[in-house]
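Observations on chain architecture
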Amino acid sequence: MDIEGSIRVMPEALSNKIAAGEVVQRPASAVKELLENAVDAGAGSVTLILKRAGTELIQIVDDGCGMSREDAAACFRRHATSKLFVAEDLNCISTLGFRGEALASIAAVAQVELRTKRAVDGAGLCIRNEGGRIVSSEPCATSDGTSLAVRNLFYNVPARRNFLKTPATELRHIIETFQALALSRPDIAFTLIHDDAEMHRLPAETGEPAEALRPRIGALFGDQYPDMLVPVREQTSYLTVHGFVGMPELHKKHRSEQFLFVNGRIVKSRSLGHAIQSAYEGLVPKGTWPFFCVFLSMDPSRVDVNVHPAKAEVRFDDDRGVYGFLHAVVQKGLGAMLLTPLVDAPSADTTEPWVLKSPAREFTVPGTTHSASASEFSSDASSAGYYRKDEQRDAGRQSEELYRGVASLSIPDAASGNEDMLLWQLHDRYILTQIQSGLMIIDQHAAHERILYERALGHLRQGQGLSQQLLFARTVDFSPADFELLKELLPDLSALGFDIELLSGRTAVVRGVPSEIHSGDKEVLLEDLLAQYRRDNEQAGAERQERLARSLARRGAIRSGAVLVPAEMRSVIDQLFACDKPYVCPRGRATVVRIPIDELQKRFGH
Ligand code: ADP
Ligand code: MG
């Protein structure tokens with residue numbers, strides 16, 4: 001039997017049709033490829049024209065470089081690309097396209113008309129391709145650049161056509177794709193027309209890319225956006241982040257206003273989305289999604305953009321490191337925004353400007369043992385306190401101290417005369433202060449709980465808490481159950497700063513308690529704590545040390561109702577924003593509420 005004879009090379013039109021399944025799943029994927037081609041062609045202006053959510057017509061008109069006659073004839077062939085020549089090139093892809101698959105795949109499943117002309121050519125060329133076959137090719141009059149009209153997508157693949165969702169859904173995907181491209185290149189003018197109605201007309205933004213992004217976001221999403229953006233920007237030798245995240249008020253019930261780019265490409269990444277989202281913990285309601293438009297750039301050899309046919313997924317050589325970095329950068333940006341003073345920064349003659357110090361968070365990237373991850377971020381206590389230089393261990397060649405230098409956030413000096421305007425205590429429970437975006441209200445008890453919790457965890461995990469000696473050592477007779485518990489927790493309790501000596505029977509002497517404790521009755525703190533721990537213990541879940549830290553924080557925190565002097569209020573705010581998760585107390589309640597100035601204006605009917 002002639003076995004060899006049974007293997008045939010597929011006709012190209014057929015293999016293109018199969019490949020189209022990967023590249024072109026829906027109208028939006030064709031739109032993405034064609035917009036990317038226009039961008040790659042150096043266009044200054046790109047127009048997208050749609051009919052019936054792209055199912056009837058997708059047309060892209062650009063003023064880019066155009067194609068020569070030869071290129072125009074070749075561009076529908078699979079792996080025909082002008083962009084990638086050798087395998088090593090895969091590591092330094094600077095164009096959006098590189099596979100030479102898109103036009104071949106789209107043409108295989110649609111009726112396509114290409115009109116193109118280079119500036120150097122006298123006449124243009126019009127090529128029609130139906131279902132992957134060129135049906136006509138003739139000179140034509142056309143302006144410089146390229147117009148590609150894709151009609152009746154999937155006309156010859158009924159199964160795929162039937163799989164399309166409602167026009168509204170398909171249109172939504174297209175718009176998201178359009179928005180992503182438009183965000184990635186504010187310097188290019190983009191227009192979107194659907195069924196003869198203009199949906200977007202975005203002028204080219206001049207100026208430095210990072211700043212041009214702000215008006216572009218405004219043009220795309222609405223005039224209120226530019227004033228509600230928090231810049232994020234951080235650079236390490238490994239990774240650069242820039243872009244904007246929305247103020248918490250911009251949250252939506254869907255994720256469609258979340259854009260993440262890696263080396264200029266839009267990507268969908270659950271993990272990186274989570275890295276950003278989790279920085280909003282306590283700031284946006286559960287089940288809502290903040291706005292972001294964030295760009296990561298890194299050495300292309302450390303990121304794989306090739307894992308997905310539509311190039312929408314990425315893999316990094318250090319996923320956890322990137323996660324931690326992104327999370328920290330966004331958290332810092334949000335923190336800075338929440339605390340930026342409305343009035344001028346303290347002037348030079350201010351004797352002692354009140355400076356909030358960001359935590360000396362250790363941030364490490366690949367190859368080191370302690371990369372920040374979701375779980376570590378929530379419980380990592382090394383950062384829960386104060387900026388101490390000697391705590392910055394050398395974490396390896398690529399480690400970067402994220403917070404160095406730029407970390408100080410200043411708030412007007414309360415001692416400089418106008419303190420009663422800037423710090424108020426309301427009903428002995430809330431601390432009020434003015435911030436750039438409006439009014440910040442801090443729940444003193446919840447805030448202090450957060451502070452004590454993170455500090456206690458730090459002591460439990462890696463150190464020794466300081467002890468304050470009681471004036472009179474206290475001898476306590478415990479119940480059998482409490483005494484057992486006490487014995488079990490003794491090492492942890494002394495790590496926290498308790499000074500306890502067990503005597504015979506069920507008696508113990510308490511000589512000292514943790515030094516940071518604030519609550520009134522230090523004498524009975526140990527008994528209080530054991531009782532609280534026992535109650536907390538009934539809710540399963542957290543590990544022992546976390547529970548203990550939580551119980552101590554709850555018992556030891558400044559009470560609601562305690563009168564605070566300005567220095568104490570300042571100290572609470574200072575310490576709170578040095579915490580890893582300043583916005584929620586350990587029990588998940590908000591520590592801070594912000595009332596934006598617009599909200600006040602609205603209430604006053606402006
Ligand atoms: P890729 O973008 O991966 O190279 P495509 O199939 O998308 O593959 O495009 C094939 C080739 O056609 C491109 O490499 C480019 O040379 C040419 N081309 C496609 N669209 C345009 C355009 N709008 N302007 C100029 N050339 C284009
Ligand atoms: Mg392409």
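Basis of the calculations
- Sequence order sets the numbering: in each chain, residues are counted from 1 along the sequence as written.
- Both sets of labels track the order of writing: A upward for chains, 1 upward for ligands.
- Confidence filtering applies because this is a predicted model: local features only for residues at pLDDT of at least 70, side-chain atom pairs given and counted only at 80 or more, and all residues used for totals across whole chains, interfaces and linings.
- Computation of side-chain values covers all heavy atoms of the structure but excludes hydrogens and water.
- Remark: nonpolar core denotes a set of buried residues (Ala, Val, Leu, Ile, Met, Phe, Trp, Tyr, Cys) joined through side-chain atoms within 4.5 Å.
- A 1.4 Å probe rolled over the protein chains alone gives each residue an accessible area, and that area as a share of the maximum for its type sets the label: buried under 20%, exposed over 50%, partly exposed in between.
- Think of it this way: any DSSP run of H or I at least four residues long counts as a helix, any run of E at least two long counts as a strand, and we number them from the N terminus.
- Contact definition: two residues touch when any of their heavy atoms are within 4.5 Å.
- Here the expected length of a helix is defined as 1.5 Å per residue gap, with one fewer gap than residues.
- What is called the bend at a residue is the angle between a pair of axes, fitted to the seven residues leading up to and ending at it and to the seven starting from it.
- In short, DSSP must find at least two bridges between two strands for them to pair.

To continue, consider the nonpolar core. Among the nonpolar cores identified, the biggest contains 112 residues, and Ile217, Val245, Val294 and Leu296 are the most heavily contacted of them. No other element matches the 8 residues that helix α6 (residues 167-184) contributes to this core. In this view, Val245 contacts Met228, Leu229, Val230, Val232, Ile276, Tyr280, Phe291, Phe292, Val294, Val330 and Leu334; residues no more than four positions away in its chain are not counted. Among the nonpolar cores identified, the runner-up in size contains 31 residues, and Ala495, Leu529, Leu530 and Tyr533 belong to it.

Between the first and last C-alpha of helix α13 (residues 480-496) there are 23 Å, a value that for 17 residues agrees with the 24 Å anticipated at 1.5 Å per step. The largest bend along α13 reaches roughly 60° and is located at Leu489, with the proline Pro491 sitting one to four residues downstream. Within the sequence span of α13, burial applies to Asp482, Phe483, Leu485, Leu486, Leu489, Asp492, Leu493, Ala495 and Leu496. Note on α13: the residue one or two positions beyond its end, Gly497, has a positive phi of about 115°.

Relative to strand β5 (residues 133-140), strand β4 (residues 124-130) is paired through 7 bridges, and the arrangement is antiparallel. Residue Asn129 lies in a different strand from β5, and its bridge partner there is Ile134. As consecutive antiparallel partners, β4 and β5 are separated by 2 residues, and within that stretch Gly131 has a phi angle of approximately 55°, a positive value.

Now for the environment of Val329. Among the secondary structure elements, Val329 is positioned in helix α9 (residues 319-339). Separated by 53 residues in the primary sequence, Val329 and Ile276 have C-alpha atoms spaced 8.8 Å apart.

Structurally, Arg535 is set in helix α14 (residues 525-537). With 16 residues separating them in the primary sequence, Arg535 and Ser551 have C-alpha atoms 8.9 Å apart.

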